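Residues per chain, in single letters:
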Amino acid sequence: MEIPYTVKPRPDTGLYNAKLGIWLFLASEVMLFGALFSSYVLLRVGAEPGTWSMGLMDLYVGAGNTMVLIASSMFVVLAWAELKQGNLAGYKKWKWATIACAVLFLCVKWGYEWPSKFKHYDVWLNNATVLHEKFEKGYHEVASHGDVEKHVEDIYTERFFKEPSEASHAAFDDAWENGTLALSGHINAYEEARIDVRITGWKADAGVSEDEADKALAKQGAKDAAELRQNGGSLSEKTDYDSAKRAEYALGQAGFTVALSVVGYERVEAHPWVWRTKRVTEDIGGKPRVKSIVFGLDHSHHHEITLAAGDIKRLSSYEPKHSTFFGIYYTITGLHAAHVFGGILIMLYNMLPIGLGLWHRDREQFTNRIETFGLFWHFVDLVWIFLFPILYIL
Amino acid sequence: MSDSHDSPTIPDLIKKFHFVGGVLVLGTIITFVIDIMFALPLALSAVIGLLIALVKASFVVAIFMHYKWDKKLIWITWTMVLTFLFFAGMMGLIMWAYGDAPNLARNEMHPIWVVLAALLGVALPASFTVFTVKMLSQPAPVEAAAPKAKRAAKKKG
């Protein structure tokens, strides 16, 4: 079936069909992003003082990425102009440049900006006195020649207000007195429980044969499975939490009763991706899974402080659940980045033989296809033009 | 583009594209410099930032997206008018929420936010709508496309 009006304009609309289609699509996109933008404004204006972390955005990275996107927008329209002049080689040159820019944009966003936030933590403590102590310790080099509270206030003001004002001072005083301030920085290490796993019994009536039960035991590393099953005993010593829990579950399925006991703690260099409050508060037989975390405060020249698990009220990296700010930040930049990603796929299609085939069949239609893609790409650029000041400046 | 009378030739267009690219880069640099060099109040930097964004966006739509030459095509224009009306509605809802008496009475709520919300909610969509309606009211918007279409139909026959 031939699709009508792919090259010639339709008399009543004055446009070739694809172009009207893409404008209608862009209109729906305006509504989608418009809803998110207006949500952003609503949340921004309604935020309590001291909760909007706009100072955490790296303006240099944002401006750099804006330039990259502007360049790609420029290249995509030049690629179309080359096609208009019948120059396929020129089209390919500019199109590859566009793809390179788009990939660079995503590398910066998904490879640097987001991950560096995921590795960054805020920790809220239960107690204002302990909080002040931790700040004193963390900023001991400041304490020797200046006022720690002032130092913390400077960091706080830059993050939530950018410029000091009466409002920022009042909000800080309140947070400092009540201990609702968060310690911000990196988890360098933590002390995690080492666990002994003991088999205390086996139920023959659980519906598992002796052979199967022994196999399950052997799978968990038991040397003499039959002996262990009959008399009980130690299965493994000083194992880590995950293996212990896995063994407990698997052996429970095979009819065993398993006892886990914490025998000590070991310092583990932190893996930045896996941290959650839950892990700090989990306990094994009344003892915490994590005894303490070793924390490097921002702006403290890597001087470490140790936070006991019992003092921690909440712990969160800069992920969507951290706060409203990060929630809407990831939603909007994520949706925008998804558009960039989709654009890359379409561009690649139009560069591969399967897409280029149309050029050899009908040059004008191919040129129009590239023009409509260009319209989409400019729209993506347009969204970023508004996102840049909103996210990075305001 | 092929469906407009008065569109410039491709080499002219490429010159225009380079010019717009320059405007976009300049706009970004200005936004950046203002933010790092001057300690402006939040409200003022919001107005400046959004105004620069608006200028950049207008150039992208007008030149890169060929709207300057496609604007006589009434279907695009009405689509966009309706979209911006929707956007105005969204912003209007926010103003409504922040015009609430309890919010205005909040101590920490600076009146400038209400002004800003008003600016975003009314001025931005209104300016788009005014410009678009102005473009719509230019002479013979439909006729411009129709004769061409007739020619196209003739050729086809």
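This structure is a prediction, so every number in the text was calculated from the model and none was measured.

What counts and what doesn't
- Residues numbered from 1 in each chain as written.
- Chains lettered and ligands numbered in written order.
- Predicted model: local features only at pLDDT ≥ 70, side-chain atom pairs only at ≥ 80, totals over all residues.
- Helix = DSSP H or I, 4+ residues; strand = E, 2+ residues; numbered from the N terminus.
- Buried ≥ 20, exposed ≤ 12 C-beta atoms within 10 Å, placed from the backbone.
- Contact = placed C-beta atoms within 7 Å.
- Pairing = 2+ DSSP bridges.
- Domains from an automatic or database assignment.
- Expected span 1.5 Å × (residues − 1).
- Arc of directions from axis to C-beta.
- Axes fitted to C-alpha atoms, helices over the stretch in contact; angles between N-to-C directions.
- Parallel < 35°, antiparallel > 145°, perpendicular 65-115°, else oblique.
- Left-handed = near helix turned anticlockwise from the far one by under 90°.
- Nonpolar A, V, L, I, M, F, W, Y, C, P; charged D, E, K, R; others polar.

**With respect to the overall build of chain B**
Move 1: Helices and strands together make up the secondary structure of chain B, namely seven helices and zero strands.
Move 2: For chain B, the succession of helices and strands along the chain, N to C, is α-α-α-α-α-α-α.
Move 3: For chain B, with 157 residues in total, the buried portion stands at 29%.
Move 4: In chain B, 72% of the contacts between residues at least 6 apart in sequence involve partners at least 24 apart.

**Considering the pairing of strand β8 (residues 304-308) of chain A**
Residues and elements named next belong to chain A.
Move 1: On β8, burial follows the alternation: Ile305 and Leu307 on one face are buried, whereas Glu304, Thr306 and Ala308 on the facing-out side are not.
Move 2: In the sheet, strand β7 (residues 290-297) pairs with β8 via five bridges, with the strands oriented antiparallel. Across the sheet, residue Gly296 finds its bridge partner in β8, namely Glu304.

**Some details on the interface of chain A and chain B**
Move 1: Between chain A and chain B, the contact holds 44 residues from the first and 49 residues from the second.
Move 2: Listing elements by their share of the side of chain A that touches chain B, those giving two or more residues are α1 (17-46), α2 (59-84) and α14 (363-393) of chain A.

**Remarks on the domain arrangement of chain A**
All names here are of chain A.
Move 1: If you check the domain split of chain A, you get domain 1 (17-118 + 322-393), domain 2 (121-182) and domain 3 (188-317).
Move 2: Placing a centre on the C-alpha atoms of domain 2 and another on those of domain 3 gives a separation of 36 Å.
Move 3: The interface is formed by 15 residues belonging to domain 2 together with 17 residues belonging to domain 3.
Move 4: Those elements that place two or more of their residues in the side of domain 2 that touches domain 3 are β1 (121-125), α4 (128-138) and α5 (140-143).

**Concerning helix α10 (residues 241-253) of chain A**
All names here are of chain A.
Move 1: For α10, which comprises 13 residues, the first-to-last C-alpha distance of 19 Å matches the rise-based estimate of 18 Å (1.5 Å per residue) to within 8%.
Move 2: The set of residues buried in α10 consists of Ala244, Ala247, Glu248 and Leu251. The buried residues of α10 all sit within an arc of 100° when viewed along its axis, so they share a single face. Summarising the geometry of α10, the exposed residues directed more than 90 degrees from the buried face are Asp242 and Tyr249.
Move 3: For α10, the secondary structure elements touched by its buried residues are β2 (182-202), α8 (210-219), β3 (233-239) and β4 (256-269).

**With respect to the environment of Glu266 of chain A**
Residues and elements named next belong to chain A.
Move 1: For Glu266, the position within the fold is in strand β4.
Move 2: The exposure class assigned to Glu266 is exposed, which follows from the 12 C-beta atoms found within 10 Å.
Move 3: Measuring from C-alpha to C-alpha, the distance between Glu266 and Ala175 comes to 34 Å, with 91 residues separating the pair along the chain.
Move 4: For Glu266, the residues in contact, after removing those within four places along its chain, are Glu191, Glu192 and Arg194.

**Description of α14 of chain A**
Move 1: For α14 of chain A, built from 31 residues, the straight-helix expectation of 45 Å at 1.5 Å per residue is met to within 8% by its first-to-last C-alpha distance of 44 Å.
Move 2: Among the 31 residues of α14 of chain A, 24 are classified as buried, and the element is accordingly described as predominantly covered.

**With respect to the packing of helix α3 (residues 88-118) of chain A against helix α12 (residues 324-351) of chain A**
Residues and elements named next belong to chain A.
Move 1: Taken N-terminus to C-terminus, the directions of α3 and α12 make an angle of 150°; their axes are 10 Å apart at the nearest point. Here α3 lies roughly antiparallel to α12, going by the angle between them. As α3 packs across α12, the resulting crossing turns out to be left-handed. Residue-level inspection shows Lys92, Lys95, Thr98, Ile99, Ala102, Val103, Phe105, Leu106, Lys109 and Trp110 of α3 in contact with α12, the latter providing Thr333, Ala337, Val340, Phe341, Gly343, Ile344, Met347, Leu348 and Met351.
Move 2: Partitioned by chemical class, the residues of the contact of α3 with α12 number 13 nonpolar, three polar and three charged.

**Section: the packing of α2 of chain A against α3 of chain A**
Residues and elements named next belong to chain A.
Move 1: Taken N-terminus to C-terminus, the directions of α2 and α3 make an angle of 160°; their axes are 8 Å apart at the nearest point. By the angle class used here, α2 and α3 are roughly antiparallel. For the crossing formed where α2 meets α3, the hand is left-handed.
Move 2: Of the residues in the contact of α2 with α3, the class split is 17 nonpolar, four polar and four charged.

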